[in-house]
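Structural description and commentary
As a plain string of letters, each chain reads:
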Amino acid sequence: QVQLVESGGGLVQPGGSLRLSCAASGRIFNINGMEWYRQAPGKERELVAGITDAGVTNYADSVKARFTISRDNAKNTVYLQMNSLKIEDTAVYYCAASYCNIIRICGFRSWGQGTQVTVSS
């Protein structure tokens, strides 16, 4: 089992920036894809950005050119740098990871507990 712990959420004014972190721990052989999702009140959870273990990234159209996903494989940590934040970016942000366990069985998936991001003036 892999535990994911997010940090870095908070309250920011429109146009501001935040950096989210998500650290994975547990009996891991390797982590494949890592993603950030978000869920706003009354809305479904949506994919914000993803990154493969090779560093290939993808983004939701709504955050392209404003958000940047990155990862540190040595630390099993994924980051989300969020710039030019808008009120509509307000949501609970969750990280997710797909991984192979210590005996190299793959196909597992874990979720973090979420961190609140509020963009408000």
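Now for a look at the structure at hand. As the structure is a computational prediction, the values presented were derived from the model and not from experiment. (Residues numbered from 1 in each chain as written. Predicted model: local features only at pLDDT ≥ 70, side-chain atom pairs only at ≥ 80, totals over all residues. Heavy atoms only, no water.)

Mapped onto the elements, Glu6 comes out in strand S1 (residues 2-7). Separated by 3.0 Å, the side chain of Glu6 and the backbone nitrogen of Gln113 make a polar contact. Those residues within four positions of Glu6 in sequence are excluded, and the remaining contacts are Ser21, Cys22, Trp36, Tyr93, Tyr94, Cys95, Gly112, Gln113, Gly114 and Thr115. (Helix = DSSP H or I, 4+ residues; strand = E, 2+ residues; numbered from the N terminus. Polar contact = N/O pair within 3.5 Å; in protein donor to acceptor, adjacent residues only side chain to side chain. Contact = heavy atoms within 4.5 Å.)

On to the packing of aromatic side chains. Taken as a whole and judged by the stated rule, the model has two aromatic pairs. A ring pair is formed by Tyr37 and Trp111, whose centres lie 4.8 Å apart and whose planes are at 50 degrees; its orientation type is tilted. With Tyr37 in strand S4 (residues 28-39) and Trp111 in strand S10 (residues 108-111), this pair connects stretches of sequence that are 74 residues apart. (Phe/Tyr/Trp six-rings, centres within 6.5 Å; stacked < 30°, edge-to-face > 60°.)

Take the state of the cysteines next. The term disulfide refers to a covalent linkage connecting the sulfur atoms of a pair of cysteines. This model, assessed by the stated rule, comprises two disulfides. There is a disulfide in this structure between Cys22 and Cys95, and the S-S distance comes to 1.9 Å. Taking the torsion about the sulfur-sulfur bond, which here is approximately 45 degrees, the covalent link between Cys22 and Cys95 counts as right-handed. One end of the pair, Cys22, is in strand S3 (residues 18-26); the other, Cys95, is in strand S9 (residues 91-101), and 73 residues separate them in sequence. For Cys95, a relative accessible area of 0% translates into the label buried. A sulfur-sulfur distance of 2.0 Å marks the disulfide that ties Cys100 to Cys106. Where Cys100 bonds to Cys106 through sulfur, the torsion about that S-S bond is close to 100 degrees, and the disulfide is right-handed. (Disulfide = S-S within 2.5 Å. Buried < 20%, exposed > 50% of the residue type's maximum accessible area, 1.4 Å probe, protein only.)

With respect to the secondary-structure elements, Pro41 resides in the loop between S4 and strand S5 (46-51). Overall, Pro41 belongs to the exposed group, its relative accessible area being 74%. Residues Pro41 and Thr52, spaced eleven residues apart in sequence, show a C-alpha to C-alpha distance of 29 Å.

Once that is clear, we can look at the nonpolar core. One recurring pattern in soluble globular proteins is that nonpolar side chains are buried together. Residues Trp36, Val48, Phe67, Val78, Leu80, Met82 and Tyr93 are the most contacted members of the largest nonpolar core, which totals 30 residues. Among the elements that make up this core, the one with the highest residue count is S9 (five residues). Residues in contact with Val48, not counting those within four places in the same chain, are Trp36, Tyr37, Arg38, Asn58, Tyr59, Ala60, Val63, Phe67, Leu80 and Tyr93. (Core = buried A, V, L, I, M, F, W, Y, C linked by side-chain atoms within 4.5 Å.)

Honestly, it's all geometry; don't read function into it.
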